Every structure is written in C-alpha cells, then in structure tokens.
Amino acid sequence: IKETLIDLDKKHFIHPTSSLKQQQETGAPFIFTEGKGVYLTDISGKKVLEGMASLWNVNVGYGRKELAEAAREQMEKLAFTNSFSSMGNEPAIRLAAKLAELTPGDLNAVFFTSSGSESNDTAYKLARYYWKIQGSPEKTKIISRKKGYHGVNIGATSATGITPFQEMTSSLAPDFLHVDTFSTESLRKCIEIEGPDKIAAFIAEPVQGAGGVNIAPDGYFQEIRKICDENNILFIADEVITGFGRTGKMFACEHYGIVPDIMLLAKGITSGYIPLGAVVVTDRIHKDLIKYSEGVLLHGYTYSGHATACAVALKNIEIIEKESLIENSRLMGKELLDGFYKIQKEIDIVGEVRTLGLIGAVEIINPVTNTRFPAHIAPKVSAEAAKRGLIIRTVVFEGMDTLVFSPPLVINQKEIEELLSILREALLAVQNSL
Ligand code: PLP
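Predicted model only: the values in this text are computed from it and were never measured.

### What to know about unusual backbone geometry
If a residue is not glycine, its phi is most likely negative; likewise, a peptide bond is most likely trans. The backbone of Ser-324 sits at a positive phi, close to 50 degrees, despite the residue not being glycine. Even without glycine at this site, Asn-370 takes up a positive phi of about 60 degrees. Within the secondary structure, Asn-370 is located in the loop between strand S14 (359–364) and helix H15 (378–387). Judged by the 8 C-beta atoms lying within 10 Å of it, Asn-370 is exposed.

### Brief notes about the site of the ligand
In the vicinity of the ligand there are 15 residues, among which Ser-115, Gly-116, Ser-117, Gly-151 and Val-240 approach most closely. Of the residues forming the shell around the ligand, the biggest block, three residues, is contributed by helix H6 (residues 116–133). Per-class residue counts for the shell around the ligand are six nonpolar, seven polar and two charged.

### A few points about the confidence of the model for the protein
The predicted model of the protein averages 97 in pLDDT, with 100% of residues at 70 or higher. Here the complex is predicted with pTM 0.98, and the ipTM for its interfaces comes to 1.00.

### As for the sheet that holds strand S5 (residues 141–145)
With mixed pairing, seven strands are arranged side by side in an open sheet as S4-S12-S11-S10-S7-S5-S6. What marks the edges here is a single partner per strand, and that holds for strand S4 (107–113) and strand S6 (176–179). Going from strand to strand, the sheet's axes swing by 25 degrees on average, the running direction of each strand aside. Bridging between S5 and strand S7 (residues 199–204) involves three bridges; their strand directions are parallel. Note that in S7 the partner of Lys-141 across the bridge is Ile-199. Strand contacts of helix H9 (residues 184–194): S5, S6 and S7, with the helix running at about 145 degrees to S6, the strand carrying the most contacts. Of the strands in this sheet, S7 and strand S10 (234–238) are in contact with helix H10 (residues 220–230), which crosses S10 at around 145 degrees.

### Here's the deal with the pairing of strand S3 (residues 47–50)
Where strand S2 (residues 39–42) lies against S3, three bridges are found, and the strand directions are antiparallel. The partner of Thr-41 across the bridge, within S3, is Lys-47. Counting the residues that bridge the hairpin from S2 to S3 gives four residues, and of these Gly-45 lies at a positive phi of roughly 90 degrees. Bridging between S3 and strand S15 (residues 390–391) involves two bridges; their strand directions are parallel. Along S15, the bridge assignment pairs Glu-50 with Ile-391.

### Re the environment of Leu-325
Within the secondary structure layout, Leu-325 lies in helix H14 (residues 325–346). On a C-alpha basis, the gap between Leu-325 and Asp-175 in space is 40 Å, while along the polypeptide they are 150 residues apart. Here Leu-325 is in contact with Asn-59, Val-60, Gly-245, Ile-320, Leu-409 and Val-410, once residues within four sequence places are set aside.

### Focus: the packing of H15 against helix H16 (residues 413–433)
The geometry of H15 relative to H16 is characterised by a closest axis approach of 8 Å and an angle of 125 degrees between their N-to-C directions. Here H16 runs oblique to H15, going by the angle between their axes. H15 and H16 meet at a crossing whose hand is right-handed. Here Lys-380, Val-381, Glu-384 and Ala-385 of H15 come into contact with H16, specifically with Ile-422, Leu-423, Ala-426, Leu-427, Ala-429 and Val-430. When the residues that make up the contact of H15 with H16 are grouped by side-chain class, the tally is eight nonpolar, no polar and two charged.

### Comments concerning the domain arrangement of the protein
The domain architecture assigned to the protein consists of domain 1 (31–60 + 324–433) and domain 2 (65–322). Look at where the C-alpha atoms of domain 1 and domain 2 centre, and you get two points 28 Å apart. With 26 residues of domain 1 at the interface, the matching set in domain 2 holds 24 residues. When residues of the side of domain 1 that touches domain 2 are traced back to their parent elements, those giving at least two are helix H3 (53–56), H14, strand S13 (350–356), S14 and strand S17 (402–405). At five residues, the largest contribution of residues to the side of domain 1 that touches domain 2 is made by H14. In terms of residue class, the side of domain 1 that touches domain 2 is built from 14 nonpolar, nine polar and three charged.

### Describing the nonpolar core
Ala-127, Phe-202, Leu-234, Ile-236 and Ile-262 are the most contacted members of the largest nonpolar core, which totals 115 residues. The element contributing the most residues to this core is helix H13 (residues 307–322), with nine residues. Lining this core are residues from two domains, each supplying at least three of them: domain 1 (31–60 + 324–433) and domain 2 (65–322). The residues contacting Ile-262, other than those within four sequence positions of it, are Ala-123, Leu-126, Ala-127, Leu-234, Ile-236, Val-279 and Val-281.

### Concerning the sheet that holds S17
As summarised here, the arrangement of the four strands in space is S13-S14-S17-S16, forming an open sheet in which the pairing is antiparallel. Two strands bound the open sheet, and with one partner strand each, they are S13 and strand S16 (393–395). Within the sheet, the average angular offset between the axes of one strand and its neighbour, ignoring direction, is 25 degrees. Pairing between S14 and S17: four bridges, direction antiparallel. Its bridge partner being in S17, Val-362 is matched across the sheet by Leu-403.

### Things to note about the packing of H9 against H10
Taken N-terminus to C-terminus, the directions of H9 and H10 make an angle of 15 degrees; their axes are 10 Å apart at the nearest point. Here H10 runs roughly parallel to H9, going by the angle between their axes. Crossing hand, H9 versus H10: right-handed. For the pair H9 and H10, contact is made by Thr-184, Leu-187 and Arg-188 and by Tyr-220, Glu-223, Ile-224 and Ile-227, respectively. Class assignment for the residues of the contact of H9 with H10 results in four nonpolar, one polar and two charged.

Conventions we followed
- Residues numbered from 1 in each chain as written.
- Predicted model: local features only at pLDDT ≥ 70, side-chain atom pairs only at ≥ 80, totals over all residues.
- Helix = DSSP H or I, 4+ residues; strand = E, 2+ residues; numbered from the N terminus.
- Buried ≥ 20, exposed ≤ 12 C-beta atoms within 10 Å, placed from the backbone.
- Near = placed C-beta within 6 Å.
- Nonpolar A, V, L, I, M, F, W, Y, C, P; charged D, E, K, R; others polar.
- pLDDT = per-residue confidence, 0-100.
- Pairing = 2+ DSSP bridges.
- Axes fitted to C-alpha atoms, helices over the stretch in contact; angles between N-to-C directions.
- Contact = placed C-beta atoms within 7 Å.
- Parallel < 35°, antiparallel > 145°, perpendicular 65-115°, else oblique.
- Left-handed = near helix turned anticlockwise from the far one by under 90°.
- Domains from an automatic or database assignment.
- Core = buried A, V, L, I, M, F, W, Y, C linked by C-beta atoms within 7 Å.

Set out below in structure tokens:
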C-alpha cells in the first residue's frame with residue numbers, strides 16, 4: 001500500500017509549505033496512520049515521538065476518544081447550522097461564554113473562524129471597521145513585527161514578517177508595516193513617521209513561533225501596551241500558537257500581565273481535532289460595535305460557529321482543565337529546559353537554548369567562530385532525529401539555524417527524557433560529521 005500511496009501523493013497532492021520538487025524526488029517521508037499520546041505511527045509501522053505536536057497544536061495529544069465522542073454526539077444531533085442572521089447553536093454559544101471566562105480582563109465577545117489565518121484577516125477588518133464607525137476611517141494601517149508569522153491569507157501574509165512567505169506573492173495587501181521584533185523604539189518611530197491617526201492596530205505573537213520561538217525580554221509587552229494606549233492604537237495578540245496552555249499559562253499574555261484589545265485563537269482551541277479559530281474582543285470594542293454600527297456586520301464565514309467544531313473545543317478545554325495540562329506544561333517545560341542546558345554544556349554546536357512552558361528552541365552555532373555555520377545545520381539534526389524516531393522542526397530563514405520544539409502538553413517525564421536523548425544523539429551525530 002505504501003508505494004501506491006506515495007505514487008498517488010506525488011501525482012495528486014499539493015502539500016502545504018513543502019518542497020514540491022523534493023516530494024517528487026523522495027516521496028512523502030512519513031504517511032501517518034495512527035496516533036496515541038505523544039506518538040505517531042506511520043504506514044511502515046515506525047513509531048515517532050511528535051516533538052512539535054504536529055503544528056504546535058495537538059495539545060491534548062493524539063487518540064483522545066473523548067473528542068471523537070464529542071464530535072460524534074454533536075454530529076448526530078446537529079452537525080452544522082449557520083450562525084448568520086443572528087441564528088445560533090448551543091455549542092457555539094457555550095464556547096463563546098467559556099472563552100470569555102478564560103481570556104484575561106474584559107475580553108468577553110467572540111467571533112468564530114476556522115483557522116489562524118482567518119482569525120488574523122478578521123481582526124484586521126474588525127480593527128479598521130472599529131475605527132471607521134468611530135469616525136476615523138483613515139486609521140487603516142496594521143503594524144506587525146519582523147519574524148512574526150500570522151498565516152497565509154492575503155492579509156495574514158502581508159502582516160507576516162518572514163520575508164520568504166511574502167516573496168511567494170507578487171503583490172501584498174496595502175497598509176501593512178513591519179517593525180523590529182523586540183524594539184519598542186522601532187514601534188515608536190514607526191508611529192511617529194506614519195502618524196497615530198493613520199494606524200488601526202499593532203499585532204504581535206506573545207512568543208514568536210514560526211519565527212524561531214523568540215521570547216520577549218522583560219518589560220517589552222508592558223511597554224507595547226502603553227505605547228498602543230498612548231497612541232490610540234488597538235493591540236492585537238496573536239495567541240494562535242501560545243493559547244491553551246502552550247507556554248505554561250492558559251494564554252501567554254498572562255505572563256506579562258497585559259490584556260490585548262483583540263486576542264486571536266486557533267490551533268490548540270481544538271488540539272487540531274477539527275478546524276476552528278476565534279477572535280476575542282473586549283467589552284469596549286463589542287459595545288462600540290453594537291452602538292455605532294449600522295446595518296449588517298458584513299463579515300462571516302460559512303463555518304463561523306460550527307456546531308461540531310465548537311463541541312469539540314469545549315471538550316478539549318475540559319480536558320486541558322481536568323488533567324491540569326497547563327501545570328504539566330510548566331513542569332515539563334522546566335524539565336525540557338534543564339535537559340537543553342545539559343546538552344548545551346556537552347555539545348559544542350549548541351548555542352542559545354530557551355523555553356517558555358512547552359515551547360522551546362535550540363540554536364546551532366559554529367563554536368570556533370561563535371557565529372552561524374555558512375550552511376544550515378539544523379535540518380541535518382532534524383533528519384538525524386527523525387531517523388531515530390523524533391519529529392522536530394527547523395527555522396532556517398534570515399540567518400537563523402534553529403531547532404524548535406512544541407510537544408503535546410500531555411508529555412510526561414519519561415517521554416521528555418526520550419526526546420532529549422534522541423536530540424542529543426542526533427546533535428552528536430551531526431557534530432561528528434562536520
Ligand atoms: N498565527 C500564528 C501565530 C501561527 O503560528 C499560525 C500558524 O502557524 C497562524 C496564525 C495561521 O494559522 P492557520 O495555519 O490555522 O491559518
């Protein structure tokens with residue numbers, strides 16, 4: 001069967017974010033058939049530890065029967081009904097209320113999408129609309145950060161600050177600006193040049209994920225919140241990766257004690273069992289939308305508030321809470337970091353290491369020059385790790401040579417040790433080959 005599938009895959013399946021040439025040359029490296037906890041099994045029976053929780057999202061781990069059951073129950077009762085024209089369904093209403101309860105401050109009203117990219121494009125439109133109905137239609141610009149990742153719809157691509165993603169398209173959306181990743185000065189300058197009366201919002205991931213797991217220095221986000229307030233600019237936190245326990249808090253904004261005006265969610269909201277995203281706004285924005293908006297809010301996806309997706313999200317959140325997965329994220333994140341430090345001491349090509357909860361990175365450096373190697377080393381490490389049964393990702397754009405980690409939040413001590421032991425072997429194998 002494997003050969004047939006590889007053949008069909010080459011002919012018919014255009015893989016997302018993949019080298020299409022490599023797909024043709026080597027075929028799919030893995031075709032997965034089953035998952036349990038932190039492990040996946042592929043079609044040849046090979047078992048691998050998923051050090052990335054797939055795409056940073058399978059927080060409760062694979063093979064959760066409760067989620068399958070929640071989907072089945074809802075599908076049998078009412079799989080889907082649309083939420084247009086103020087119609088509703090019980091799971092969507094209950095999930096909106098649950099998200100209002102979980103998100104910090106007065107983030108209390110929810111617009112549903114089916115993905116992080118849709119959450120982003122929705123937020124840009126809502127931010128602009130918000131200013132428009134307040135009588136400031138010229139407040140349109142969206143400022144994001146270099147190395148930020150916000151998705152692949154045209155708005156989200158335009159906000160993304162990872163150049164190769166932008167180079168894919170010959171024309172980006174207008175009114176998107178990028179500032180330096182952790183420089184509040186760069187943001188201040190940008191606001192000064194553009195004028196606060198032209199800017200709708202500033203958007204940032206509380207921890208940059210796809211950009212290499214870049215964790216903000218102390219005080220950065222508090223300063224960002226201040227700058228946005230001083231200039232009448234909405235602050236959008238893209239918690240698509242960091243939400244739902246990934247960083248050791250329910251939402252990463254909690255680390256910094258800040259409340260964004262708009263919070264974007266997806267991924268861990270259902271642990272990837274079914275597509276769902278959400279845009280959570282403050283009472284202030286919600287009230288103004290109700291008060292000043294006339295006519296119909298002409299923005300909505302067919303699947304906004306999908307009953308089955310929302311039922312799965314509710315069950316997924318229940319699991320995160322019942323099984324104390326946020327605490328586990330903190331505890332196992334600490335184990336992961338301790339292990340990274342040990343590896344860093346032993347293996348010369350390991351540079352900076354960092355984690356926040358269960359999201360982390362290991363930088364590769366040339367120990368002789370203390371700079372990056374001319375050719376990327378991280379992909380070699382990742383390939384060696386895959387051979388030994390561990391899936392990790394690499395970030396190799398714009399001078400980076402970084403391994404990133406984001407295992408399911410259900411990972412236990414023994415599995416962390418296994419992850420670290422394979423990582424160590426893979427790093428040594430590559431170091432010895434240099
Ligand atoms: N925002 C962030 C921070 C992300 O990491 C991602 C995806 O990785 C997205 C948005 C886009 O989400 P999606 O792939 O569900 O469209």
